[in-house]
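A closer look at the structure
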Amino acid sequence: KELAAVVKDFAAARLPDYMVPSAVVALDELPLNANGKVDRAALPAPEYEGGSGRAPADLREELLCAAFAQVLGVESVGVDDDFFALGGHSLLAVRLISRIRVVLGEEVEIRALFQARTPARLAAHLTTTRSGQARPALTSIAERPERVPLSFGQQRLWFLAQLEGPSPTYNIPTVLPLAADVDRDALGGALRDVIGRHEVLRTTFPEVDGEPYQQVTPIEELAWDLESVDLTGASPDEVAAAIGERAGYGFDLTAELPVRGWLLEIDAERCVLVLVVHHIAGDGWSMGPLARDLSVAYAARCEGRLPEWAPLPVQYADYALWQQELLGDEDDPDSLISRQVDYWRAALAGSPEELELPFDHPRPAVAGHRGHVSERRVSAEVHARLLDVARAEGVTVFMVLQAALAVLLSRLGAGRDIPIGSAVAGRMDEGLDDVVGFFVNTLVIRTDLTGDPTFRDVLARVRERNLEALAHQDVPFERLVEELSPSRSLARHPLFQVMLTLQNLESKPVGLPRPKTTLPAPAGAPATTVSKFDLDVTAGEWHDEQGAPAGLRVVVRTATDVFEAASAAAMADRWIRVLEQLVAAPELRLHAVDVLTEPEHQQVVAAWNDTAAAVPGDSVLGLFEAQVRRAPDVVAVRCEDVVFTYGELDARANRLARYLMARGVGVESRVALCLPRGVDMVAALLGVWKAGAAYVPVDPEYPAERVAYLLADSGAGCVLAQRESAGRLLADVSDVEVVWLDDAATVVEVDARSDAVVRDAERGGGVLGSMLA
């Protein structure tokens, strides 16, 4: 331990805080593998001992140590223990700030926590820096207004529900296999208890004069029951269809409660609970307290009593009122919402409204909100390297994943400015920890990839953007959309179309009887799911019993509107491949990141560039005339409102060829084409070939000197042009004959020619593939 302290002190004197090792392990020698390299798997895991080091020097340090320990879920934390080394991440950082606000009455910026990561350093920061006044605490409101407004997040969901009608897009379904001997009366009563405990689950959202409000149903008037469905004898496919039908239930938010439940009776051993909560009344975090409360209530009901739990400090309606007070008046430039909107307006200025991804299909006018799903596993070795890189660069796991995803999208053609959506819990007050409701907020975080940066550089940029975004996370995304007024479309999500989520919420099983055997999987088509975005990536960390990294679970959803099912799997594979490269070599530059598989490399480098491929013996002109014979009525060329079939284009070219031959154009002579892009250019090109000549392209936008040089150097015998586009350009040309194709006399003379196929005898020989074109 003395040696470890010496090493850490040595590093601390020379490195930034976030680069100082969080643990030091002394070894007599490094374990080597058969190749003489360090055997990483044989290295002992460092032991992080909370509570080590000196005692707190004052009350502030003592309170901070206690706050660290409470949020991290450990017995004790020493004054020199690193918050992030003990398992902290962005979500826990927000909870720690909320706890400090309560115990010290001081406001801490999240950037300060990333820079002062120990209780001692944070206490010193608070002593030397004038911290902001703590925001008002969230408390229960005894006298509410007659109509409680919706929270900002609820307002958008309510609006979408009115616009789209009942839809499963914003459902949160929970499917829980249970043993058949589950006490049905106790389960139904427990669910009613939970709905009674959390007001938002018994709230409807009617409107008056176009303004929605929260109408809480009194417990004594609660009309809610767990519905029983008999599926005895149903096949796995039929069971899956029944579950899917209920998970896709469409809520009428103005008239019915935002929660429904069904108990599907499968056989003598198994049943399935399907519980669906609309997003307007819940989020991912809410599933934790909901599960805990259901477990407590079920156990109590089985014993014939009511559940005993501490009253919730606040309800969702209290939060909605507090949120409006906290954010303040939008017309007040000093209000919290005004200051944060100003930040986002600057941060998102010039951000691409639609990210160009490698779509398989054109985007439809209205998004279908369905998605293909693909799951993958990242190895424990890569997970460990990812954590090493995160600690070395002073970033979180999420920041590493975001940077790698941005690099992948850029390499796939999305550009150098990559906006990615990120969900934050939105529970900025610890009083909300056990409350069910819709608190989650969405941040838009841009990744700047200009200048061919190394991955280490990208991580530094991502770190800054994330810290700034987290410091301005109070303004609801829905309000931000209204303020920034991007081009609105039902075809895509506003401000970003790619979402990244790191699932780091602790999951605990519900205390209900579980079946001994699982349900057989249906033999249906590939899985599809709800998808609100073009690309939705979710990752979750696994750890073994000792807390060591055990890998990542990756779920990729791609919208069926624009992607085929195989694209979800390909996107997941490419992201993992990019992640493996970047955590192994953080110095790798953007241009060097490889997104192709080995078979794809072979296809691009060898197959597509194989010069030994068979080449038709005929000329291009011969191939065109063969197509005319095969499909004369098929459209050959289209320019705005002008459309020519192969037959019509061939006839026009034949007439022009005979016109040119009559003026002396022959085999391998040169004819300049000074024509704008369009049907006339294509017909003229073919007409020159049919006359046996070669064409010389001359852009009408060129300067006159450049055109004169081209005509003289190429030896063109004549120029085909239009007065409208090249009249002034060719006015002084005297050495070369100019044929104005838009002159009435020329049109009459060309149209008088035969449109039959030009024979070899007419032009004095055949048009061969070896001739000048």
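Reading the values: rules and limits
- Residues numbered from 1 in each chain as written.
- Predicted model: local features only at pLDDT ≥ 70, side-chain atom pairs only at ≥ 80, totals over all residues.
- Heavy atoms only, no water.
- Helix = DSSP H or I, 4+ residues; strand = E, 2+ residues; numbered from the N terminus.
- Contact = heavy atoms within 4.5 Å.
- Pairing = 2+ DSSP bridges.
- Axes fitted to C-alpha atoms, helices over the stretch in contact; angles between N-to-C directions.
- Core = buried A, V, L, I, M, F, W, Y, C linked by side-chain atoms within 4.5 Å.
- Buried < 20%, exposed > 50% of the residue type's maximum accessible area, 1.4 Å probe, protein only.
- Salt bridge = Lys/Arg side-chain N within 4 Å of Asp/Glu carboxyl O.
- Expected span 1.5 Å × (residues − 1).
- Arc of directions from axis to C-beta.
- Patch = residues over 30% accessible without salt bridge, like charges linked within 9 Å, V, L, I, M, F, W, Y side chains within 5 Å.
- Areas by Shrake-Rupley, 256 points an atom, 1.4 Å probe, with all protein chains shown as cover.
- Lys, Arg positive; Asp, Glu negative; His and termini not counted.
- Charge placed at Lys NZ, Arg CZ, Asp CG, Glu CD.
- Parallel < 35°, antiparallel > 145°, perpendicular 65-115°, else oblique.
- Left-handed = near helix turned anticlockwise from the far one by under 90°.
- Polar contact = N/O pair within 3.5 Å; in protein donor to acceptor, adjacent residues only side chain to side chain.
- Phe/Tyr/Trp six-rings, centres within 6.5 Å; stacked < 30°, edge-to-face > 60°.
- Lys NZ or Arg CZ within 6 Å of the ring centre and 35° of its normal.

The next point concerns the environment of Arg99. In this structure, Arg99 sits in helix H3 (residues 90-104). Along the backbone, Arg99 and Glu668 are 569 residues apart, and their C-alpha atoms lie at a distance of 85 Å. If we ignore the near neighbours within four places in the chain, the residues touching Arg99 are Ala67, Gln70, Val71 and Glu430.

Adjacent strands of a sheet form backbone hydrogen bonds with each other and so pair up, either parallel or antiparallel. Spatially, S3-S10-S9-S8 is the arrangement adopted by the four strands of the open sheet, whose pairing is mixed. For this open sheet the edge positions go to strand S3 (171-179) and strand S8 (227-230), each flanked by a neighbour on one side alone. The average angle at which neighbouring strand axes cross in this sheet is 20°, direction not considered. As defined by bridge partners, S8 adjoins strand S9 (residues 259-265) across four bridges and the pair is classed as parallel. Paired with Val229 across the two strands is Leu264, which belongs to S9.

Attention shifts here to the sheet that holds strand S21 (residues 694-697). Taken together, four strands build an open sheet; the order of strands is S21-S20-S22-S23 and the sheet is parallel. Only two strands of the sheet have a single partner each, and these edge strands are S21 and strand S23 (737-740). Going across the sheet, the axis of each strand differs from the next one's by a mean of 30°, ignoring polarity. By the bridge criterion, four bridges tie strand S20 (residues 670-674) to S21 in an arrangement that is parallel. Opposite Ala672, over in S21, you have Val696 as the bridge partner. Contacting S20, S21 and strand S22 (718-721), helix H20 (residues 679-690) runs over the sheet at an angle of about 180° to S20.

Here the focus is the nonpolar core. Among the nonpolar cores identified, the biggest contains 162 residues, and Phe83, Leu187, Leu201, Leu264, Leu401 and Trp575 are the most heavily contacted of them. When residues in this core are grouped by element, the largest group, 13 residues, is from helix H13 (residues 397-414). Of all hydrophobic cores here, the second largest spans 32 residues; its members include Leu649, Ala683, Ala684 and Leu720.

Our focus in this paragraph is the pattern of salt bridges. A full pass over the atoms with the stated rule returns 44 salt bridges. Here Glu107 ties to Arg101 by a salt bridge, and the two come within 2.8 Å at their closest N and O atoms. Arg101 shares its class with Glu107; the two are buried. Among the charged side chains, a salt-bridge network with shared partners connects Glu330, Asp342, Arg345, Arg479, Glu482 and Glu483.

The next point concerns helix H14 (residues 455-470). Helix length check: H14 (16 residues) gives 22 Å between terminal C-alpha atoms against 22 Å at 1.5 Å per residue, within 8%. Residues of H14 that are buried include every one of Phe455, Val458, Leu459, Val462, Arg463, Asn466, Leu467, Ala469 and Leu470, and no others. Axial view of H14: buried residues confined to an arc of 160°, hence all on one face.

Attention now goes to a negative patch on the surface. On the surface, Asp329, Asp331, Asp332 and Asp334 cluster together into a negatively charged patch. Relative to the helices and strands, Asp332 resides in the loop between helix H10 (316-327) and helix H11 (336-347). Overall, Asp332 belongs to the partly exposed group, its relative accessible area being 32%.

Bringing the packing of H13 against H14 into the picture now. Contact geometry of H13 with H14 gives a least axis separation of 9 Å together with a crossing angle of 120°. In this view, H13 runs oblique relative to H14, as classed from their interaxial angle. For the element pair H13 and H14, the recorded crossing hand is right-handed. Of H14, the residues touching H13 (which contributes Phe398, Met399, Val400, Gln402, Ala403, Ala404 and Val407) are Phe455, Val458, Leu459, Val462, Arg463, Asn466 and Leu467.

Within helix H18 (residues 620-630), the full set of buried residues consists of Leu621, Gly622, Phe624, Glu625, Ala626, Gln627 and Val628. Residues of H18 that are buried make contact with helix H19 (646-662) and H20.

Burial runs high along strand S12 (residues 417-424): six of the eight residues are buried. Of the strand pairs in this sheet, S12 and strand S13 (residues 441-448) are connected by eight bridges, and their pairing is antiparallel. Residue Pro419 lies in a different strand from S13, and its bridge partner there is Arg446.

Moving on: the side chain of Arg492. Here Arg492 shows up in the loop between helix H15 (477-484) and strand S14 (498-503). Exposure remark for Arg492: the relative accessible area of 15% places this residue in the buried category. Here Glu354 takes part through its side chain, which lies 3.0 Å from a polar atom of the side chain of Arg492. Discounting residues that sit within four places of it in the chain, Arg492 has contacts with Glu353, Glu354, Arg363, Ser487 and Gln497.

Moving on, we come to the packing of aromatic side chains. Tallied over the full model, the rule gives 15 aromatic pairs. Taken together, a centroid distance of 6.2 Å and an interplanar angle of 40° make the contact between Tyr319 and Trp322 tilted. Of this pair, Tyr319 and Trp322 both sit in helix H10, separated by three residues, roughly a single helical turn. By the burial criterion, Tyr319 is buried, and Trp322 matches it. Here the aromatic rings of Phe496 and Phe533 are separated by 5.5 Å at their centres, their planes lie at 25°, and the arrangement is stacked. Of this pair, Phe496 sits in the loop between H15 and S14 while Phe533 is found in the loop between strand S15 (528-530) and strand S16 (535-543), placing the two residues 37 residues apart along the sequence. The residues Phe496 and Phe533 share a single accessibility class, namely buried. Site record: aromatic cluster; members linked through ring pairs are Phe68, Phe83, Phe84 and Phe114. Seen from the ring of Phe10, Arg14 lies directly overhead, with NZ or CZ sitting 3.7 Å from the centre.

Both trends apply: most residues other than glycine have a negative phi, and most peptide bonds are in trans. The phi torsion at Leu495 lies on the positive side, around 75°, for a residue other than glycine. Along the chain, the position of Leu495 falls in the loop between H15 and S14. Positive phi, close to 60°, is recorded for Glu668, a residue that is not glycine. Structurally, Glu668 can be placed in the loop between H19 and S20.

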